[in-house]
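Below, each chain spelled out in residue letters.
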Amino acid sequence: MIGRRDLLAAAALAATLPARPAAAQEVVEKRVFEAGAFPTRGGATIPNARIGYQTMGRLNDAGDNAVLICHFFSGNSHAFGRLSAGGPAGYWDAIIGPGKAIDTDRYFVVSADTLVNVNVPDANTVTTGPASINPDTGRPWGMGFPVVAMRDFVEIQKRLLDSLGVKRLALVAGPSNGGLQTIEWAAAYPEFVARAMPVIAAEIDAWMQGWLDIWEAPIRLDPNWREGDYYGQGREPPLRGLAEAWKIVTLHARDRQWARQYDRKLPEGQDPARRIGDRFAIEKWLDDAAAARARTSDANSFLYMVRANQLFLNDYPGLEAAMQGAARRWLIIPSPTDRVFLLDGAREFIEVLRKAGKQVDVAEVTGPLGHLNGVAAMAPLADRIRAFLAA
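In the nomenclature of an unreviewed UniProt entry, the chain is known as Probable acyltransferase of Paracraurococcus ruber. What UniProt states about the chain under its Subcellular location (unreviewed entry) heading is, verbatim, "Cytoplasm". According to the UniProt record, the Sequence similarities (unreviewed entry) comment for the chain is "Belongs to the AB hydrolase superfamily. MetX family."

A. Representation of the UniProt feature "active site" (unreviewed entry) in the chain in the model. The UniProt record annotates "active site" (unreviewed entry) at D338. Along the chain, D338 turns up in the loop between β11 (329–332) and α10 (343–355). Judged by its relative accessible area of 3%, D338 falls in the buried class. Setting aside residues no more than four positions away along its own chain, D338 makes contact with I200, G370 and H371. In terms of polar contacts, D338 uses its side chain to reach the backbone amide nitrogen of V340, at 2.8 Å.

B. Seen up close, the packing of helix α5 (residues 239–252) against helix α7 (residues 281–294). Where α5 contacts α7, the axes come no closer than 8 Å and their chain directions differ by 120°. Here α7 runs oblique to α5, going by the angle between their axes. Here the hand of the crossing between α5 and α7 comes out right-handed. Where α5 approaches α7, its residues L239, L242, A243, W246, K247, T250 and L251 are matched on the opposing element by W285, L286, D287, A290, A291, R293 and A294. Residues that form the contact of α5 with α7 fall into these classes: ten nonpolar, one polar and three charged.

C. Representation of the pattern of salt bridges. All chains considered together, the criterion is met by 21 salt bridges. Across the salt bridge formed by K247 and D287, the nearest N and O atoms sit 2.6 Å from each other. Of this pair, K247 sits in helix α5 while D287 sits in helix α7; the two residues are 40 residues apart in sequence, bridging distant segments of the chain. For K247, a relative accessible area of 17% gives the class buried. Notably, a salt bridge pairs D287 with R279, separated by 2.9 Å at the nearest N-O pair. Each of E244, K247, R279, E283 and D287 takes part in one network of salt bridges that share partners.

Analysis parameters
Residues numbered from 1 in each chain as written. Predicted model: local features only at pLDDT ≥ 70, side-chain atom pairs only at ≥ 80, totals over all residues. Heavy atoms only, no water. UniProt positions renumbered as here; feature names shortened; annotations may be inferred. Helix = DSSP H or I, 4+ residues; strand = E, 2+ residues; numbered from the N terminus. Buried < 20%, exposed > 50% of the residue type's maximum accessible area, 1.4 Å probe, protein only. Contact = heavy atoms within 4.5 Å. Polar contact = N/O pair within 3.5 Å; in protein donor to acceptor, adjacent residues only side chain to side chain. Axes fitted to C-alpha atoms, helices over the stretch in contact; angles between N-to-C directions. Parallel < 35°, antiparallel > 145°, perpendicular 65-115°, else oblique. Left-handed = near helix turned anticlockwise from the far one by under 90°. Nonpolar A, V, L, I, M, F, W, Y, C, P; charged D, E, K, R; others polar. Salt bridge = Lys/Arg side-chain N within 4 Å of Asp/Glu carboxyl O.

Okay, structure coming up:
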């Protein structure tokens with residue numbers, strides 16, 4: 001639920017922290033996992049499913065020192081390290097690496113692209129989704145691609161981990177959509193998951209399902225969407241609708257404190273008090289950020305990612321039932337100024353876990369960025385994460 005411009009903000013915040021010399025082992029290789037025919041929870045089969053992934057550290061002989069990092073709505077596997085020398089660091093690089101909170105001298109850390117990943121135009125993202133070629137037709141799937149649920153993300157990751165020799169996860173963690181995957185993992189494979197650390201994530205209730213519908217609505221209203229059939233030669237993708245969708249997500253993922261920098265400011269040459277078509281500074285910033293994000297993502301994949309989030313814990317009658325048999329040890333990390341997963345929802349989730357007899361620690365991630373704090377401001381929680389792993 002966090003866009004590329006948000007990552008730039010995270011990088012700017014990281015630049016204020018003490019620098020750590022780049023080490024050779026921080027350059028990671030992006031690999032491709034060929035999962036073969038993949039049955040979805042909805043009863044369909046995706047032929048030739050494939051996802052990208054990266055690793056750092058070494059798996060021990062017992063296969064039980066692995067850590068899985070799951071990415072946010074608009075992210076990919078690049079949670080740590082650099083994909084090339086001098087390239088940008090991963091979004092959680094502040095807490096993952098040699099000697100860091102999730103110490104890759106001790107742990108084997110894996111992060112993977114999800115199915116239906118929105119970053120289809122990005123060469124560093126490998127995913128299977130509606131923009132992929134349907135082998136039966138030789139054309140992109142479009143809206144004929146099978147519906148996937150959050151549990152499907154988990155199941156294809158489980159295939160990946162099995163192929164790598166992982167026998168047990170010391171930790172599964174991630175922010176936002178990655179936090180939802182973390183919760184889903186803990187419910188699906190409680191004996192496989194020693195610890196779960198969902199960050200800025202809680203229940204997807206009807207209120208949040210409604211918000212997700214609002215996120216995607218502009219795409220469906222764009223005439224260029226053509227019911228998802230826009231991949232043909234000479235057809236324009238629904239960039240305007242996709243940009244408006246990203247605009248909603250971008251503002252939703254930020255807090256009022258962040259927006260104060262634009263209070264009463266106007267772009268040069270703009271006067272909204274005199275001309276109805278002129279823009280305020282916040283509007284101009286959102287327009288520019290969303291348009292840039294739209295050019296690096298795929299509209300149909302956005303819709304499928306929304307549906308996967310709406311189908312969170314869909315195998316269970318409710319959150320309470322899902323958590324009864326879930327993994328035992330949890331570190332819950334909400335943000336007090338999160339406007340996506342509100343603090344009261346996080347507290348309700350914590351109460352469900354405690355009633356289910358789970359061992360639950362809580363640490364808040366703070367800062368001016370609201371929901372985005374869970375990506376940009378994790379460094380101060382390093383000691384809490386380290387202690388959680390050691391306990």
